[in-house]
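# Notes for the structure review
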Amino acid sequence: MTISNENKLTFECETGNYHTFCPISCVSWLYQKIEDSFFLVIGTKTCGYFLQNAMGVMIFAEPRYAMAELQEGDISAQLNDYEELKRLCLQIKKDRSPSVIFWIGTCTTEIIKMDLEGIAPKLEADIDIPIIVARANGLDYAFTQGEDTVLAAMAQRCPDNKNYPSKNAIEPTTDAIHPPLVLFGSLPDAVVQQLTYELSKQGITVQGWLPSTRYTELPFINEQYYVAGVNPFLSRTATTLMRRRKTKLIGAPFPIGPDGTRAWIEKICSVFNITPTKLDERESEVWSSLENYLELVRGKSVFFMGDNLLEISLARFLIRCGMTVYEIGIPYMDKRYQGAELLLLEKTCREMNVPIPKIIEKPDNYNQLDRIRDLQPDLVITGMAHANPLEARGINTKWSVEFTFAPIHGFSNAKDILELVTRPLRRNLNLNEVSSEMYSSRY
Ligand code: SF4
């Protein structure tokens, strides 16, 4: 039985035998977010096949990413890594003239110990274009953690008062009534504007976002600045901002769902000694607009197999919507970075009077399928590998990757989360109607 009988959160760790996307997939959303970037994935055909398939139709739109495919000669060190990479980067510079090139390290570059961090500064000086190295490989990380490695590397390049590497960097404004605040996490521009606006209604000015829309517009980050994350998978970025850039992290629940968004804004306000206004009204307005969806999910059960690190925040929101969560699988759990979110999860379970789900780090998909068979949840949130086989066995599924690409942050996007969660439930209602019309009522 998965649900914990204890009255507090319990954590378990399984074998790590689970399906998830390789973290190099982060290039697919980061190249779109950072408009003047180019991503070079240094790996093998395996990595290329994955990207080509996972990115679907995007690969026909001349994406600003490419594979540097390692050959036998690279692996046995018969070719010169520096010269090979220089040749490729000069070609990229000529064809696309980006403001920055990201080198994405893969499993192979790790195993053959290719010194990307050592080569990059020399080449950067040689060809006069910034090169940022991120080791987003499948040996160490899962899916969204790829973005974390890229942002942690970018955090080192943000300008500060002592050092102005970027001519066009946005200088800090001085008229705010609180210390400067920088938010980190890659979100679509519309969502960035929504969250910035929500904070501005409380009198909070956002100094900048990491990443910004253009590399040349990275925000200033000085010592003692405050930073807050918008996504639960950014723990390395948070650590880099605290340790290397000496900023102060605001540890808040994440702005996913109206409850999370409110808690996120409240926490930022409390750090700046600002009393939030009209948040209560704003949150209840959103909840009442969701009523049609809530009717569908109330009293239903859900099982997270775990593959993208958004699981804790989504589970907490779904519990607030009236669902019971049987199990929260998650690839990696940073209890410090997600501390405030875990407390909110516990509090939400108590307030909604539902059992507290067990959190299974590094889950084992085989064991999970056994548990799913026993528990028969109303919905399983899972990857594509298990979705159709489970559907064929009469279990509703929602493909987890969609939560990563859909806009799910802030007050107004709570609807999108429920739209995704209820889609399989609504589809099955429709199918029942169709079948009853065709078979039961007529014959
Ligand atoms: S897991 Fe490793 S080899 Fe596979 S696609 Fe990712 S980086 Fe490439």
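Throughout, a residue's number is its position along its own chain's written sequence, starting from 1. A pLDDT threshold of at least 70 governs which residues receive local features in this predicted model, and a stricter bar of 80 or more applies before side-chain atom pairs are shown or counted, although totals over entire chains, interfaces and linings include all residues. Side-chain numbers here rest on the full set of heavy atoms in the structure, without hydrogens or water.

The name given to the protein chain in an unreviewed UniProt entry is Light-independent protochlorophyllide reductase subunit N, with Palmaria decipiens as the source organism. UniProt positions are given in the numbering used here, feature names are shortened, and annotations may be inferred rather than shown by experiment. The UniProt entry for the protein chain carries this comment under Subunit (unreviewed entry): "Protochlorophyllide reductase is composed of three subunits; ChlL, ChlN and ChlB. Forms a heterotetramer of two ChlB and two ChlN subunits." Reading the Subcellular location (unreviewed entry) entry of the UniProt record for the protein chain gives the comment "Plastid, Chloroplast".

Assigned secondary structure in the protein chain consists of 18 helices and 14 strands. With C-alpha atoms as the basis for the radius of gyration, the globule rule is written as 2.2 Å multiplied by the number of residues raised to the power 0.38. At 23 Å, the protein chain has a C-alpha radius of gyration in line with the 22 Å of a compact globule built from 443 residues. Projecting the C-alpha coordinates of the protein chain onto the three principal axes gives extents of approximately 75 × 55 × 45 Å. When burial is assessed residue by residue, the protein chain has 55% of its 443 residues classed as buried. Carbon and sulfur atoms make up 50% of the accessible area of the protein chain, which totals about 20000 Å². Only four residue types enter the tally: Lys and Arg on the positive side, Asp and Glu on the negative side; His and the chain ends are excluded. Here the site of a charge means atom NZ of a Lys, CZ of an Arg, CG of an Asp or CD of a Glu. Between the mean site of the 46 positive side-chain charges and the mean site of the 55 negative ones, the protein chain shows a separation of 2 Å. Under the scheme used here, helices are H or I runs from DSSP no shorter than 4 residues and strands are E runs no shorter than 2 residues, and both carry numbers assigned from the N terminus. Residue burial is assigned from relative accessible area. The probe radius is 1.4 Å, only protein chains are included, and a residue is buried under 20% of its type maximum, exposed over 50%, and partly exposed in between. Exposure was quantified through the Shrake-Rupley algorithm and a 1.4 Å probe, taking into account, for residues, occlusion by the shown protein chains and nothing else.

Relative to the assigned elements, E341 resides in helix α14 (residues 339-352). A relative accessible area of 0% places E341 in the buried class.

Here the aromatic set is Phe, Tyr and Trp, taking the six-membered ring for Trp, and pairing holds for ring centres within 6.5 Å; pairs whose planes are under 30 degrees apart are stacked, those over 60 apart are edge-to-face, and all others are tilted. The final tally for this structure, using the stated rule, is nine aromatic pairs. Arranged with centres 5.7 Å apart and planes meeting at 80°, the rings of W29 and F405 form a pair that is edge-to-face. Taken together, the residues span a long stretch of sequence, with W29 in helix α1 (residues 26-33) and F405 in helix α17 (residues 401-405) at a distance of 376 residues. Assessed through its relative accessible area of 40%, F405 is described here as partly exposed. Ring geometry for Y226 versus F272: centroids 5.2 Å apart, planes at 85°, classification edge-to-face. Here the residue Y226 occupies a position in strand β8 (residues 226-229), and F272 occupies one in the loop between α10 (257-271) and α11 (279-289), the gap between them amounting to 46 residues. Note on accessibility: Y226 and F272 belong to one class, buried. By way of ring pairs, the aromatic residues F21, W29, F50, F143 and F405 are connected into one cluster.

According to UniProt, the "binding site: [4Fe-4S] cluster" (unreviewed entry) feature falls on C22, C47 and C107. Across 86 residues, the annotated set stays spatially compact, with a maximum C-alpha separation of 10.2 Å. Considering the arrangement of structural elements, one finds C22 in the loop between β1 (10-13) and α1. Taking the relative accessible area as the measure of exposure, C22 reaches 24% and is therefore partly exposed. Any two residues whose heavy atoms approach within 4.5 Å at even a single point are treated as in contact. Not counting residues up to four positions away in its chain, the partners in contact with C22 are F50, G138 and F143. On the secondary structure map, C47 appears in helix α2 (residues 45-54). Among residues more than four places away in sequence, those in contact with C47 are I24, M67 and T106.

Covered by surrounding structure in strand β10 (residues 301-304) are S301 and F303 together with V302 and F304, the residues of both alternating faces. Relative to strand β11 (residues 324-330), β10 runs parallel, the two sharing four bridges. Counted as the bridge partner of F304 is I328 from β11. Note on handedness: a crossover is taken as right-handed if, strands pointing away from the viewer, the path from the first strand over the helix to the second is clockwise. This β-α-β element, β10 to helix α13 (residues 311-320) to β11, shows right-handed connectivity. Strands are labelled as partners when DSSP assigns at least two bridges between them.

What follows is about the packing of helix α7 (residues 145-155) against helix α9 (residues 235-243). A fitted line through C-alpha atoms represents every axis, and for helices the fit uses only the stretch in contact; the resulting angles, taken between N-to-C directions, go from 0 to 180 degrees. At a minimum axis separation of 7 Å, α7 and α9 run at an interaxial angle of 15°. Taken together, the axis directions place α7 and α9 in an arrangement best described as roughly parallel. Handedness of the α7/α9 crossing: right-handed. Every residue of α9 that contacts α7 at D148, T149, L151, A152 and A155 is listed here: S235, R236, T237, T240 and L241. Gly is put with the polar residues, along with every residue not named as nonpolar or charged; the nonpolar set is Ala, Val, Leu, Ile, Met, Phe, Trp, Tyr, Cys and Pro, and the charged set is Asp, Glu, Lys and Arg. In terms of residue class, the contact of α7 with α9 is built from four nonpolar, four polar and two charged. Roughly parallel here means an angle under 35 degrees, roughly antiparallel means over 145, roughly perpendicular means 65 to 115, and every remaining angle is called oblique. Put simply, a crossing is left-handed when the front helix is turned counterclockwise from the back one by less than a right angle, and right-handed when it is turned clockwise.

A word on the environment of T240. Checked against the element boundaries, T240 lands in helix α9. By relative accessible area, T240 is classed as buried at 13%. Between the C-alpha atom of T240 and that of E311, which follows or precedes it by 71 residues, the distance is 23 Å. What T240 contacts, discounting residues up to four positions off in sequence, is A152, A155, Q156 and R245.

By size, the foremost hydrophobic cluster in this structure holds 107 residues, and its most contacted members are M154, L181 and W264. Discounting residues that sit within four places of it in the chain, M154 has contacts with I34, F102, I132, L210, P211, Y215 and L218. L85, A120, I131 and V133 belong to the second-largest nonpolar core, a separate cluster that totals 20 residues. What is meant by a nonpolar core is a set of buried Ala, Val, Leu, Ile, Met, Phe, Trp, Tyr and Cys residues, joined one to another through side-chain atoms within 4.5 Å.

Here we take up the side chain of S235. Tracing the backbone shows S235 in helix α9. Apart from the residues within four sequence positions on either side, S235 is in contact with D148, Y332, D334 and Y337.

A separate point is the packing of α13 against α14. Contact geometry of α13 with α14 gives a least axis separation of 9 Å together with a crossing angle of 20°. With respect to α14, the element α13 is oriented roughly parallel. For the element pair α13 and α14, the recorded crossing hand is left-handed. Contact residues: α13 offers I312, S313, A315, R316, I319 and R320, while α14 offers E341, L342, L344, L345, T348, C349, E351 and M352. Its residues assigned to classes, the contact of α13 with α14 comprises eight nonpolar, two polar and four charged.

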